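For reference, the chains in residue letters:
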Amino acid sequence: MRIDQGIGRSALALALATATLASVVGIGAALARADNKRLNSGVFGNIYTAQKQNGCLVDPRWDGRLIDAAHRHTLDVLSNGNLNGDIGSDGSTPQQRAAEAGFTGAVAETVAINQSMAINNLDVLTQWWNDPASRATMQDCRYTALGVWSENSLTRSVVVATYGQPQ
């Protein structure tokens, strides 16, 4: 083997290693801000099923205003590690956030948090189904309008469902 071939191979190996590292770092950053439409839809489906199993006659529907309220609280909980429930860092309640998003009517909320970069709809269902208050909210037939939002960071994943009873 000639010396220039060895240098060429070393340079190629270094270039491949650098490209691989750059793509892994890029993928890691993308995962932290992934498109969670599939997760949100899965959570909505779990709520739909819980309501149907409870005998609800009216199908729940997506409501953009409640999605906005859930989005706001999800980002707040994700950014403030001391938050783990319905009250926002500014003291806001689910009812206030929904009203600020333009929704009128009774509102409830469920929040799921995993102390990891990932969460799936079964993790969410398990948390909410095993908590009597969250389960009652999921199964409440009055809540026919829904908003679900989720976000992930490298250390925390948050899913918020905001339930509404339209007036």
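Here the structure is a predicted model, which means the values were calculated and not measured.

As a further point, take the overall build of the protein chain. Scanning the protein chain for helices and strands turns up six helices and four strands. The 167 residues of the protein chain split such that 40% are buried. For the protein chain, long-range pairs separated by at least 24 residues make up 69% of all intrachain contacts whose partners lie at least 6 apart in sequence. When the accessible surface of the protein chain is totalled, it reaches about 9,100 Å², and 58% of it is carbon and sulfur.

Counting 17 residues, the largest nonpolar core has Val43, Ile47, Val124, Trp128, Val159 and Tyr163 as its most contacted members. Going through the elements one at a time, helix H2 (37–53), strand E2 (105–114), helix H5 (121–129), strand E3 (145–152) and strand E4 (157–166) are the ones with two or more residues in this core. Examining the composition of this core, we find that five residues originate from one element, H2, more than from any other. Membership of the second largest hydrophobic core comes to eight residues, among which are Leu83, Val111, Ile113 and Val158.

Let's shift gears to the confidence of the model for the protein chain. When pLDDT is averaged along the protein chain, the result is 84, and 80% of the positions lie at 70 or above. Within the model, pLDDT remains below 50 along residues 11–32, and this stretch shows six contacts once partners closer than five positions in the same chain are excluded.

Bringing the environment of Gly64 into the picture now. Within the secondary structure layout, Gly64 lies in helix H3 (residues 64–79). Taking C-alpha positions, Gly64 is 9.5 Å from Gly102, a pair spaced 38 residues apart along the chain.

Now for the side chain of Asn40. By the secondary structure assignment, Asn40 is in helix H2. The exposure class of Asn40 is buried, given its relative accessible area of 8%. Reaching out from Asn40, the side chain makes a polar contact with the side chain of Ser150 at a distance of 2.6 Å. Contacts of Asn40, omitting those with residues within four sequence positions, involve Trp62, Val148, Trp149 and Ser150.

Bringing H2 into the picture now. Quick reminder: α-helices carry 3.6 residues per turn. Residues three or four places apart thus point the same way. Between its first and last C-alpha, H2 extends 24 Å over 17 residues, near the 24 Å set by a 1.5 Å rise per residue. Looking only at H2, the buried set comprises Leu39, Asn40, Gly42, Val43, Phe44, Asn46, Ile47, Ala50 and Gln51. Gly55 lies just past H2 and shows a positive phi near 90°.

The next thing to look at is the state of the cysteines. All told, the structure shown has one disulfide when counted by the stated rule. What pairs with Cys56 in a disulfide is Cys141, and their sulfur atoms sit 2.0 Å apart. In this structure, the disulfide formed by Cys56 and Cys141 twists by about -85° around the S-S bond and is classed as left-handed. Of this pair, Cys56 sits in the loop between H2 and strand E1 (61–62) while Cys141 sits in the loop between helix H6 (132–139) and E3, and the two are 85 residues apart along the sequence.

Conventions and cut-offs
Residues numbered from 1 in each chain as written. Predicted model: local features only at pLDDT ≥ 70, side-chain atom pairs only at ≥ 80, totals over all residues. Heavy atoms only, no water. Helix = DSSP H or I, 4+ residues; strand = E, 2+ residues; numbered from the N terminus. Buried < 20%, exposed > 50% of the residue type's maximum accessible area, 1.4 Å probe, protein only. Contact = heavy atoms within 4.5 Å. Areas by Shrake-Rupley, 256 points an atom, 1.4 Å probe, with all protein chains shown as cover. Core = buried A, V, L, I, M, F, W, Y, C linked by side-chain atoms within 4.5 Å. pLDDT = per-residue confidence, 0-100. Polar contact = N/O pair within 3.5 Å; in protein donor to acceptor, adjacent residues only side chain to side chain. Expected span 1.5 Å × (residues − 1). Disulfide = S-S within 2.5 Å.

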